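# Structural features, examined
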Amino acid sequence: VAASPNWFMPWQTKQQRESTGSGFIISGNRILTNAHCVADQCHITVRKHGDPNKYTARIVAVGHECDLAILTTDDPSFWDGTSALELGGIPELQDPVAVVGYPTGGDNISVSVGVVSRVEPQQYSHGASSLLAIQIDAAINPGNSGGPAILDHKVVGVAFQSLEGAENIGFIIPVPIIEHFLEDVTRNNGTYNGFPALGINCQALENGQLRTYYGLTEQESGILISKIRPLTDAADKLKKHDVILTIDGEKVANDGTIPFRNRERISFDYILSTKYAGDSMVLGILRDKQRMFVEVTAAPLRQLVPIQMYDMLPRYFIYAGLVFVPLTQPYLHEYGEDWYSQSPRRLCDRALFWEAKEEGQELVILSQVLQDQVNQGFETLCNLMVTECNGVKIKNLNHLAEQLEKGKDTAYQKLILEDNRVIVLETERAESVHRGIMERHRIERDVHI
């Protein structure tokens, strides 16, 4: 049973909904399943094959980025007669795998057999991340999610999504991603940190003129750094238009790939999926036609506009009927499946392309106005970004709340929004009507930050 937040009205949650998924037992009396099966959960029950009883379960750890979660139940009778499944390796192309689970259409266990057709990074729809995945020609239907894919009595993946608009194409999370998740949780005492990144964008060097211009020899290959994100170690160690020749000794091809298994190639990002937060990588680079080695520390990237925010309540601050929230992609998703086209264009562009330039930075917007005479006329300023409060540049939502609190000793509260739009409130009047506005709109708390 799950209840998602209402990002337009952050003091409320949406109606509870029920869903089912699959899972399997691993060592240590743990159940492995998909994170999207338990996202925003209120109550979880599990039932094992052949047992009519349901057992209350709890989350041990969850990684929404890689769409994996660990559950357990404290009822010892659940574990009677069970044994843990072992993890295998990455299957070869054309290997047959059996996907086991409880898809919609019946109550009994279902087994579907598919053939491995591709192994490469794919977009994980739940966590909006690009990680290694295995494509099989078996359908992954609702309810299958979280079930094991088995080859030679060992788990080679976890079913997690299908290809929209195509028939009998499903994807499973491979064992290296599973093992990374389990090890990450173990290293951090039950907390999932996530997959690290360098924070760079690169351009292929498949054009011979480009390679000659930047000084590569006939025997050399690599990729050109086109962008470096601020607040990363790479921003201090690398420069724009450096050429990456090798990563941890692996030669990078001009198309950005490195060797992978038997005569296969894969994006150089794959090396990052084997690293943990704080691990270092040695890059062989070409800078101003000088060859050198640079050690760069990889870390999970912090997005200026968060992409996914599960298992948490939205943050908001209300003052005199003005509702302020940090901009997030879940907020834009409230505009519907076609949110990219339906949401305010400027907010969408900022969510997709803007980057944090300082620690703790957020984009604070006026999401809505709870109507009252004191804020009359300001309803036209909804979805505009707040830039200043009482002459101070706003850094994040907490900072805005602090500045409005300090301004209670002044005659007026003045807010500057984008496009130099102005909101001015008489402090005494705003304070006197604030509680009445909250009561009329049946809102108990005016702040959750």
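Just so it is clear, the structure is predicted and the values come from calculations on it, not from any experiment.

## As for the sheet that holds strand S7 (residues 110–124)
As summarised here, the arrangement of the six strands in space is S6-S7-S8-S11-S10-S9, forming a closed barrel in which the pairing is antiparallel. Each neighbouring strand pair of the sheet contributes to a mean axis angle of 50°, computed without reference to strand direction. Looking at chain direction, strand S9 (residues 148–151) and strand S10 (residues 154–162) are connected through four bridges and run antiparallel. By the bridge assignment, leucine 151 is partnered in S10 with lysine 154. Across the sheet, helix H1 (residues 175–187) is in contact with S7, strand S8 (129–136), S10 and strand S11 (170–174); its angle to S11 comes to roughly 45°.

## Focus: the environment of isoleucine 140
Positionally, isoleucine 140 belongs in the loop between S8 and S9. By relative accessible area, which is 6% here, isoleucine 140 ends up buried. Apart from residues no more than four positions distant in its own chain, isoleucine 140 is found in contact with Val99, Ala159, Phe160, Gln161, Ser162, Gly170 and Phe171.

## Some remarks on the side chain of glutamate 362
Here glutamate 362 is to be found in the loop between helix H6 (345–353) and strand S22 (364–369). The class for glutamate 362 is buried, based on a relative accessible area of 17%. Side chain to side chain, glutamate 362 and arginine 315 meet in a polar contact 2.5 Å long. Contacts of glutamate 362, omitting those with residues within four sequence positions, involve Arg302, Leu304, Arg315, Pro326, Lys395, Asn396 and Leu397.

## With respect to the nonpolar core
Among the nonpolar cores identified, the biggest contains 59 residues, and Ile136, Phe181, Leu238 and Ile244 are the most heavily contacted of them. Ignoring sequence-local partners within four residues, the contact set of isoleucine 136 consists of Val97, Val99, Val115, Val116, Ser117, Asn168, Ile169, Gly170 and Ile172. Formed by 48 residues, the second largest nonpolar core is a distinct cluster that contains Phe317, Ala320, Leu327 and Leu363.

## So, the environment of glycine 190
Structurally, glycine 190 can be placed in the loop between H1 and strand S12 (200–204). Along the sequence, glycine 190 and isoleucine 70 sit 120 residues apart, while their C-alpha atoms lie 9.8 Å from each other.

## Regarding the state of the cysteines
Summed over all chains, the structure comprises zero disulfides. Cysteine cysteine 42 is unpaired, with the sulfur of cysteine 37 as its nearest cysteine sulfur at 15 Å.

How each quantity is defined
- Residues numbered from 1 in each chain as written.
- Predicted model: local features only at pLDDT ≥ 70, side-chain atom pairs only at ≥ 80, totals over all residues.
- Heavy atoms only, no water.
- Pairing = 2+ DSSP bridges.
- Helix = DSSP H or I, 4+ residues; strand = E, 2+ residues; numbered from the N terminus.
- Axes fitted to C-alpha atoms, helices over the stretch in contact; angles between N-to-C directions.
- Contact = heavy atoms within 4.5 Å.
- Buried < 20%, exposed > 50% of the residue type's maximum accessible area, 1.4 Å probe, protein only.
- Polar contact = N/O pair within 3.5 Å; in protein donor to acceptor, adjacent residues only side chain to side chain.
- Core = buried A, V, L, I, M, F, W, Y, C linked by side-chain atoms within 4.5 Å.
- Disulfide = S-S within 2.5 Å.

Interpretation note: all reported values are geometric properties and have no functional meaning in isolation.
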